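This is what each chain is made of:
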Amino acid sequence: MLAILMKRDEKTGFITAKISPENKLLEQYLETEIQGDIALIDYLLDRTANALGGGFEITGNAFSLTLTPDKYLIEPLFDDDKGAQEGAREDLFYLLDRWRAFISGNRPIS
């Protein structure tokens with residue numbers, strides 16, 4: 001079962017994530033591209049809902065995210081030592097939903 005534990009640093013407000021089973025690249029994506037951006041989460045959900053079964057790609061500060069009808073692919077833009085990471089699209093959106101609840105103050109239980 002997929003789980004996420006999120007913590008907010010009280011001094012900086014920075015949110016960190018631990019995903020189980022481990023997925024470091026996805027953790028980094030959430031921490032750098034999403035962080036506190038509810039609008040970006042909503043954009044991804046809306047864009048996916050309106051894609052009519054297709055996919056799309058969005059490039060952020062450190063990663064590129066490609067969504068297909070059933071998968072996600074995260075690729076680092078500046079770190080050639082890290083390979084791309086893919087997984088089930090439903091897993092990504094489950095984590096985004098949990099992340100959104102956390103930053104909205106509706107803290108989910110891991």
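Before reading on, note that the structure itself is shown above.
Analysis parameters
Residues numbered from 1 in each chain as written. Predicted model: local features only at pLDDT ≥ 70, side-chain atom pairs only at ≥ 80, totals over all residues. Heavy atoms only, no water. Buried < 20%, exposed > 50% of the residue type's maximum accessible area, 1.4 Å probe, protein only. Helix = DSSP H or I, 4+ residues; strand = E, 2+ residues; numbered from the N terminus. Pairing = 2+ DSSP bridges. Salt bridge = Lys/Arg side-chain N within 4 Å of Asp/Glu carboxyl O. Axes fitted to C-alpha atoms, helices over the stretch in contact; angles between N-to-C directions. Parallel < 35°, antiparallel > 145°, perpendicular 65-115°, else oblique. Left-handed = near helix turned anticlockwise from the far one by under 90°. Contact = heavy atoms within 4.5 Å.

Caption draft 1: Seen up close, the pairing of strand S4 (residues 63–67). Within S4, five of the five residues are buried, which leaves the element mostly enclosed by the surrounding structure. Burial along S4 is two-sided: Phe-63, Leu-65 and Leu-67 and Ser-64 and Thr-66, pointing in opposite directions, are all buried. Taken together, the four bridges between strand S3 (residues 56–59) and S4 define a ladder with antiparallel strand orientation. Note that in S4 the partner of Phe-56 across the bridge is Leu-67. As consecutive antiparallel partners, S3 and S4 are separated by three residues. With five bridges joining them, S4 and strand S5 (residues 71–76) adopt antiparallel strand pairing. The partner of Phe-63 across the bridge, within S5, is Pro-76. Between the end of S4 and the start of S5, which pair antiparallel, lie three residues.

Caption draft 2: Spotlight on helix H1 (residues 24–34). Of all eleven residues making up H1, eight are buried, and the element is well covered by its neighbours. Gln-35, located one to two residues past H1, shows a positive phi value of around 40°.

Caption draft 3: Quick look at the pattern of salt bridges. For the coordinates displayed, the defined rule picks out three salt bridges. Across the pair Glu-27 and Lys-24 runs a salt bridge, and its minimum N-O distance is 3.7 Å. Of this pair, Glu-27 and Lys-24 are both found in helix H1, three residues apart, which corresponds to roughly one turn of the helix. The partner of Asp-79 in a salt bridge is Lys-82, and the shortest N-O contact between them spans 3.9 Å. Assessed through its relative accessible area of 34%, Lys-82 is described here as partly exposed.

Caption draft 4: Layout of the packing of H1 against helix H3 (residues 89–103). The N-to-C vectors of H1 and H3 enclose an angle of 45°; their axes lie 12 Å apart at closest approach. Looking at the two axes, H1 sits oblique to H3. Note on packing geometry: the crossing formed by H1 with H3 is right-handed. Here Leu-26, Leu-30, Glu-31 and Ile-34 of H1 lie close against H3, whose contacting residues are Leu-92, Leu-95, Leu-96 and Trp-99.

Caption draft 5: Here's a closer look at the sheet that holds strand S6 (residues 85–88). The antiparallel open sheet is built from four strands, whose spatial order is S3-S4-S5-S6. Both edges of this open sheet fall to S3 and S6, since each of them pairs with a single strand only. Neighbouring strand axes in the sheet, compared pairwise and without regard to direction, differ in orientation by 15° on average. Here S5 runs beside S6; their pairing, made up of four bridges, is antiparallel. Each bridged residue has a counterpart across the sheet, and for Lys-71 the counterpart in S6 is Ala-88.

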